[in-house]
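# A structural walkthrough
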Amino acid sequence: MRFSVSDWQFSRWLLLLTTILLMGACVPSTPPPALTSSSGRPTETPTAAGRDTQAPTIAPATPTKAASVTPTSDLALSIATPSLAPLSGRFVFEHDGNLSIVNASCVQRAGTCERESVRLTNVPDGFEVAGSWDLTASPDGNKIAFVYRKYDTTTTLETGDIYVLDIAECVAIEGGCPPERFVRLTTDPGKDSSPAWSLEGDKIIFTRQDLGPYSYGRHLLYEMKPDGSQQQLLMSEARQHDLGPHQVSWSPDGTRLVMSAYGDTRLPVIFVLRLSDFQLQQITHLPSEPDEGQHSRPRWSPRGDKIVFEGDQFFDFGGYLINPDGTGLTRLPLDNGPTRFAWSPDASKFIYAGSCKPNGTCLFLANADGSEPQQLTQHWAPTATLWLP
């Protein structure tokens, strides 16, 4: 067969075109030329904050198991308990007929004041450390004076005597001191109560309620040495005849006493007694009608400028502050029936007993003006309190 030139050229061109097309498919494309500015320099393509513009790889989220939390009563209490600044000293309180002690620093560890407390006394059934008749401590904070008595439900006559215990000795005894370790100061057949240790530590003021047929119910102020010796009337019986003093507290300078006694309404109110001349000043008053109510358990501030006491008027229970001269009466903003106040050594706070759930009465802490009350316990029912250095 004979091909013409045109046929041969066409076949050659077709083969060449096919080859070029096949080679072009295998050669990578050439990137476009860089953009240039008017100066001739390459223009940089902007990136996000100069970082690599390659899209990051996002791994799918792996689900994690939430940490388990075991609920406890301490946790529940700590949630409701604001953080408190460090406190110094020790709390002493009476509950269930016995005394206990705990470091005041327990308030920083929610729910621990009860667990960290140590029993100071261990009295048998039928007896009680009658803390409701007040506690007092020696100035160095090493000893406590208190009333100890047999609890007798068969008679309306209340008896009791004043005893002293050594704190270090009783803390060292597991379960607290038994009665045979107490030191007995009074042995009168009547009721001795309301001990108040002087700031110098040289005497204890207390009240004595006679059991005579004509004098029972009348309280008289006495004084004695810390070992129980030299017991005598603080002032003549005639001057005390209508006073009926009880629940006594010393002024910080040791020159005066504050007490609950019977005033012009024949109801207990607050009096201040100047010891240099036994001059009495009534600093609180109750209305004559209706004839009910009382002001009781006064406690002098360690700073000397305030007295805190309990008021019960028309079944309205409250705590009050007053100046020693009778001015500045103020009701504390506490609505849980506060009672048994005890000042901190620096007078910036106090502890007290107040109503709570579910027990009925618990230990509380508040600032000296009654602000920021804080419940410290859940199961105690304290009937007396004391804040030691």
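Refer to the structure printed above.
Residues numbered from 1 in each chain as written. Predicted model: local features only at pLDDT ≥ 70, side-chain atom pairs only at ≥ 80, totals over all residues. Heavy atoms only, no water.

## What to know about unusual backbone geometry
So the rule is basically this: Helix and strand definitions here come from DSSP, where helices need a minimum of 4 consecutive H or I residues and strands a minimum of 2 consecutive E residues; each element is numbered from the N-terminal end. The buried label applies to any residue whose accessible area, calculated with a 1.4 Å probe on protein chains only, is under 20% of its type's maximum; exposed applies above 50%, and partly exposed to all values in between.
The residue Gln247 is not glycine, and still its phi comes out positive at about 55 degrees. In this structure, Gln247 sits in strand β13 (residues 246–250). The class for Gln247 is buried, based on a relative accessible area of 10%. With a phi angle near 60 degrees, Phe278 is a residue other than glycine that sits in the positive phi range. Checked against the element boundaries, Phe278 lands in the loop between β15 (268–274) and β16 (279–282). Using a relative accessible area of 22% as the deciding quantity, one classes Phe278 as partly exposed.

## Thoughts on the packing of aromatic side chains
For any two aromatic rings, the description comes down to two numbers: the centre-to-centre distance and the angle of the planes. Let me state the cut-off plainly: Stacked, edge-to-face and tilted are the three classes for Phe, Tyr and Trp ring pairs, Trp counted by its six-membered ring, which pair at centre distances within 6.5 Å; planes under 30 degrees apart are stacked, over 60 edge-to-face, the rest tilted. The criterion is that NZ of a Lys, or CZ of an Arg, lies within 6 Å of the ring centre and within 35 degrees of the ring normal, and then a charge sits over that ring.
Following the criterion strictly, the structure yields 14 aromatic pairs and no others. An angle of 25 degrees between the planes, with centres 6.4 Å apart, marks the rings of Phe146 and Tyr163 as stacked. With Phe146 in strand β6 (residues 143–150) and Tyr163 in strand β7 (residues 161–166), this pair connects stretches of sequence that are 17 residues apart. Across this residue pair, the class does not change: Phe146 and Tyr163 are buried. For the ring pair Phe350 and Tyr352, a centre distance of 6.1 Å and an interplane angle of 70 degrees mean the geometry is edge-to-face. Neither Phe350 nor Tyr352 differs from the other in exposure class; each is buried. Aromatic ring contacts, followed pair by pair, group Phe127, Phe146, Tyr148, Tyr163 and Phe182 into a single cluster. Against the face of Tyr222 rests Arg208, its NZ or CZ located 4.7 Å from the ring centre.

## A short note on the environment of Glu114
What counts is decided by this rule: Two residues form a contact once any of their heavy atoms are found within 4.5 Å.
Relative to the helices and strands, Glu114 resides in the loop between β2 (98–103) and β3 (118–119). Taking the relative accessible area as the measure of exposure, Glu114 reaches 18% and is therefore buried. Contact partners of Glu114, with chain neighbours within four places excluded, come to Thr377, Gln378, His379 and Trp380.

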